[in-house]
Amino acid sequence: MNRAEILVIDDELPIRKLLEITLQSNDYSVRQAATAKEGILQVANHPPDMVILDLGLPDEDGHSVLKKLREWYVKPIIILSVQSSEDDIVKALDNGANDYLVKPFRTGELLARIRSLLRSRNDSEETSAIITLSELQIDFSNRVVKRNNEVLKLTPTEYSLLILFVKNEGKVLTHHFILREIWGPGYMSESQYLRVFIAQLRKKIEKDPNRPELIQTESGVGYRFAFNE
Amino acid sequence: MDGILFTKISKSIQYLYSILIVGFVAIICHYALPFLDYRIVALILLLAVSIIAAMFDILPVLLAAALSALTWDYFFIPPYYRLQVASTEDAVLILMYFVIALLNGVLTYRIRKYEKALVLKEEKANTIKLYNTLLNSLSHELRTPIATILGASDNLLTQSTKLSDENKTELVSEISKASLRLNHQVENLLNMSRLESGIIKPHYDWCDINELIYTVVKQIEETKVEQKIAVKIDPQIPFFKLDKGMLEQILYNLINNACLYTPANSLIRIDADCKSESLQLIVEDNGFGFPQEEISAVFGKFYRLKNSKTGGTGLGLSIIKGYVEALSGKVFLQNVETHGARFTINIPAETSYLNNLKNE
């Protein structure tokens, strides 16, 4: 596999330097842009495999850069920002960001997110009927989910929820997004349904539902489905 | 203290009240004249002026003094309804009355002014004291990790050939720990200033208490604390409509505080329950507890226990209180009879038992 190319758009030199060292030593190739203008130009001229975007750029608001990029750029975009308010995070995710990390961030965390986003892209290219995620085995054609070879009894809603997560593995799904996808636009404020079904699904698929590993909570934002290779 | 209160009344109304009070007292005295000596009337009027002096500004008081002197002269000193005075004795009396009434007014006013200045001075001294406490604890809390980071990175930059690999790793891990500590303090300060400024408005949504508590416990356990944390949640607990982020901050600070101030291997118990439409959270430890006489003060900003070890800004508990109150809840602290401290938090909230229904 070729080395994935990542474009870092951030006006802070120390952060770019840190990301360059971190990413290069993990076998990614890195390009940099210090302004929104330069960043958009680079993406247009030579689209990278992934963009890491800072929201606080000197020449343009990061949210609007994100919107512009999403008009044509379909590969993953990770937001890296000092803005930690839930509103900012939800806004960025709704505008098409695949993930959001708040500065200061741990490099291990960033690398895990990058890996999982790049992997889910590779996965989606091959459409297999059965996939295995650590202990879980999902047979899409027969709508059967097994855990350690034991068939799980999932209700239709639980199944849809699980499939939605699996298809978006590694990505943070906002409460609104999940409610709209599973229950429809009329239910977007009925967050208690979501809480109920998440709790039930966790009881069925997690080793310890109180310390979930597959369906992780992103406080005030949504949920992320992740599994450790 | 009434004086301070009444000075807020506008000047013109103060003049009006002064005239009315003097007039009112004069009318009553006028009807009581058959039973009273006119000299007693002077004392009664003087009393009225004293009361006015205790309440109003200097000019209305002087007006009252002058007016009462004239009133007394005109209505009460024979010959009545004239400003002339019959005897020398009365002339001396009216002069003395005038001087005493004026002195009375001026002196009372001065005392009040002085008192006000004293209160202001005291407030200022308290602010300075608070500011100093803040600076001391902040400079300690912020400079210690910065010193660690600078020192460790200096070593790594200049002595990298002399250092053993083991020492290098040690230095790097110190840098990492110090950064985390710095980050936590900055987070606390930001939270405090957001709370103070009133910017934080609760964002109400349904909260799964189970999920919330275990999320926080996981965060704490990831920092490798030396205490054990036991969680007990009523299995029938409903969803609460509350601000999840704020609840997490409250719980995080409570548990973190318990971890900071209890010895290794202490047990921290978290208990969540629904008590009459309120969320009740109890965080209890079996550490040293709090000195009884300081319990009421610990939620104050920058308050630190008299014998506490170094470190900590005294912000943790005041942040907890700030968040609990932002959610219209209450927080109590008591010592456990055996050993340790118990924090009880009650937050009223809408509940939903949807989670306990058998659906589909």
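Residues numbered from 1 in each chain as written. Chains lettered and ligands numbered in written order. Predicted model: local features only at pLDDT ≥ 70, side-chain atom pairs only at ≥ 80, totals over all residues.

Enquirer: How would you summarise the overall build of chain B if you had to cite specific residues and measurements?
Expert: Check the secondary structure of chain B and you find nine helices and eight strands. The buried share among the 360 residues of chain B stands at 28%. Expressed as a percentage of contacts within chain B between residues at least 6 apart in sequence, the contacts between residues at least 24 apart total 72%. (Helix = DSSP H or I, 4+ residues; strand = E, 2+ residues; numbered from the N terminus. Buried ≥ 20, exposed ≤ 12 C-beta atoms within 10 Å, placed from the backbone. Contact = placed C-beta atoms within 7 Å.)

Enquirer: Could you give me a rundown of the overall build of chain A, with the residues and numbers involved?
Expert: What chain A contains, in helices and strands, is eight helices and 12 strands. By the burial criterion, 32% of the 229 residues in chain A qualify as buried. Summarising the internal contacts of chain A: among those between residues at least 6 apart in sequence, 55% fall at separations of at least 24.

Enquirer: Go over the sheet that holds strand 3 (residues 239–242) of chain B with me, naming the residues and quoting the values.
Expert: With antiparallel pairing, three strands are arranged side by side in an open sheet as 1-3-8 (chain B). Each edge of the open sheet carries a strand with a single partner, namely strand 1 (205–207) and strand 8 (351–352) of chain B. Sheet topology note: the strand 3 of chain B/strand 8 of chain B ladder contains two bridges and is antiparallel. The partner of Phe-240 of chain B across the bridge, within strand 8 of chain B, is Thr-351 of chain B. In the packing of helix 8 (residues 191–205) of chain A onto the sheet, the strands contacted are strand 1, strand 3 and strand 8 of chain B, and the crossing angle to strand 1 of chain B comes to about 20°. (Pairing = 2+ DSSP bridges. Axes fitted to C-alpha atoms, helices over the stretch in contact; angles between N-to-C directions.)

Enquirer: Give a description of the interface of chain B and chain A that names residues and reports values.
Expert: Across the boundary between the two partners, chain B contributes 18 residues, which contact 14 residues of chain A. Mapped by element, the contributors of at least two residues to the side of chain B that touches chain A are strand 1, helix 7 (209–222) and helix 8 (244–261) of chain B. Looking at which element gives the most residues to the side of chain B that touches chain A, the answer is helix 7 of chain B, with five residues. Of the residues belonging to the side of chain B that touches chain A, the class tally is four nonpolar, seven polar and seven charged. (Nonpolar A, V, L, I, M, F, W, Y, C, P; charged D, E, K, R; others polar.)

Enquirer: An account of the sheet that holds strand 7 (residues 136–139) of chain A is needed here, citing residue identities and associated values.
Expert: Residues and elements named next belong to chain A. On the basis of which strands lie adjacent, the open sheet formed by four strands has the order 6-7-8-9 and antiparallel pairing. The open sheet is flanked by strand 6 (130–133) and strand 9 (150–151), the only strands paired with a single partner. Bridge count between strand 6 and strand 7: four bridges; the pairing is antiparallel. By the bridge assignment for strand 7, Thr-132 is matched with Gln-137.

Enquirer: So, unusual backbone geometry: which residues are in play, and what are the values?
Expert: The amide bond that connects Lys-103 of chain A to the next residue, Pro-104 of chain A, takes the cis arrangement and shows omega of 0°. On the secondary structure map, Pro-104 of chain A appears in the loop between strand 5 (99–102) and helix 5 (107–125). One non-glycine residue with positive phi stands out, namely Asp-27 of chain A, at about 65°. Along the chain, Asp-27 of chain A turns up in the loop between helix 1 (13–24) and strand 2 (29–33). On the neighbour-count criterion, Asp-27 of chain A (9 C-beta atoms within 10 Å) is exposed. Residue Ser-328 of chain B is not a glycine yet carries a positive backbone phi of 55°. On the basis of neighbour counts, which here come to 11 C-beta atoms within 10 Å, the residue Ser-328 of chain B falls in the exposed class.

Enquirer: Quick one: what's the story with the confidence of the model for chain B, residue by residue and with numbers?
Expert: Residues and elements named next belong to chain B. Taken over all residues, the pLDDT of chain B has a mean of 83, while the share at 70 or more is 91%. Confidence drops under pLDDT 50 across residues 1–5; counting only partners more than four residues distant or on other chains, this segment forms six contacts. Under the prediction, the complex receives an ipTM of 0.72, its pTM being 0.66. (pLDDT = per-residue confidence, 0-100.)

Enquirer: Hey, could you go over the packing of helix 8 of chain B against helix 9 (residues 316–326) of chain B for me, with residue numbers and the actual values?
Expert: Residues and elements named next belong to chain B. Direction vectors running N to C along helix 8 and helix 9 enclose 150°, while the axes themselves pass 9 Å from each other. The angle between the axes of helix 8 and helix 9 places the two elements in the roughly antiparallel class. In this structure, the crossing between helix 8 and helix 9 has a hand that is left-handed. Where helix 8 approaches helix 9, its residues Met-246, Gln-249, Ile-250, Asn-253, Leu-254, Asn-256 and Asn-257 are matched on the opposing element by Gly-316, Leu-317, Ile-319, Ile-320, Tyr-323, Val-324 and Ala-326. When grouped by side-chain class, the residues that make up the contact of helix 8 with helix 9 number nine nonpolar, five polar and no charged. (Parallel < 35°, antiparallel > 145°, perpendicular 65-115°, else oblique. Left-handed = near helix turned anticlockwise from the far one by under 90°.)

Enquirer: Which residues make up the nonpolar core, and what values go with them?
Expert: Val-51, Ile-52, Leu-53, Ile-77 and Ile-79 of chain A are the most contacted members of the largest nonpolar core, which totals 52 residues. Top contributing element to this core by residue count: helix 8 of chain A, with six residues. Two domains each donate at least three residues to this core, and these are domain 1 (5–123) and domain 2 (127–225) of chain A. Not counting residues up to four positions away in its chain, the partners in contact with Ile-52 of chain A are Ile-6, Val-8, Ile-9, Leu-19, Ile-78 and Leu-80 of chain A. One finds Val-217, Leu-317, Ile-345 and Ile-347 of chain B within the second-largest nonpolar core, a separate group that totals 41 residues. (Core = buried A, V, L, I, M, F, W, Y, C linked by C-beta atoms within 7 Å. Domains from an automatic or database assignment.)

Enquirer: Residues and numbers for the environment of Leu-189 of chain B, please.
Expert: All names here are of chain B. Locating Leu-189 in the fold gives a position in helix 6 (residues 165–197). Since 17 C-beta atoms lie within 10 Å of it, Leu-189 is described here as partly exposed. A sequence separation of 130 residues divides Leu-189 from Ile-319, and the C-alpha atoms of the two residues are 9.3 Å apart.

Enquirer: If you had to explain the environment of Gln-292 of chain B to someone new, which residues and values would you point to?
Expert: Residue position: Gln-292 of chain B is located in the loop between strand 5 (278–285) and helix 9. Sequence separation between Gln-292 of chain B and Gln-334 of chain B is 42 residues; the distance between their C-alpha atoms is 8.5 Å.

Enquirer: Provide a residue-level description of the packing of helix 2 (residues 11–32) of chain B against helix 3 (residues 38–55) of chain B, including the pertinent values.
Expert: All names here are of chain B. In the contact formed by helix 2 and helix 3, the axes pass within 10 Å of each other and the chain directions differ by 160°. When the interaxial angle is binned, helix 2 and helix 3 end up roughly antiparallel. Handedness of the crossing formed by helix 2 with helix 3: right-handed. Facing helix 2, whose interface residues are Ser-18, Ile-21, Val-22, Val-25 and Cys-29, helix 3 presents Val-41, Ile-44, Leu-45, Ala-48 and Ile-52.

Enquirer: Tell me about the pairing of strand 1 (residues 5–9) of chain A, and please be specific about residues and values.
Expert: All names here are of chain A. Counting buried residues in strand 1 gives four out of five residues, a clear majority hidden from the surface. Crossover strand 1 to strand 2 through helix 1 is right-handed. Pairing geometry for strand 1 and strand 3 (residues 50–54), over four bridges, is parallel. Bridged to Ile-9 within strand 3 is Leu-53. (Right-handed = clockwise from strand over helix to strand, strands pointing away.)

Enquirer: I'd like a description of the pairing of strand 3 of chain B, backed by residues and values.
Expert: Taken together, the three bridges between strand 1 of chain B and strand 3 of chain B define a ladder with antiparallel strand orientation. Residue pairing across strands places Cys-207 of chain B opposite Phe-240 of chain B, the latter belonging to strand 3 of chain B.

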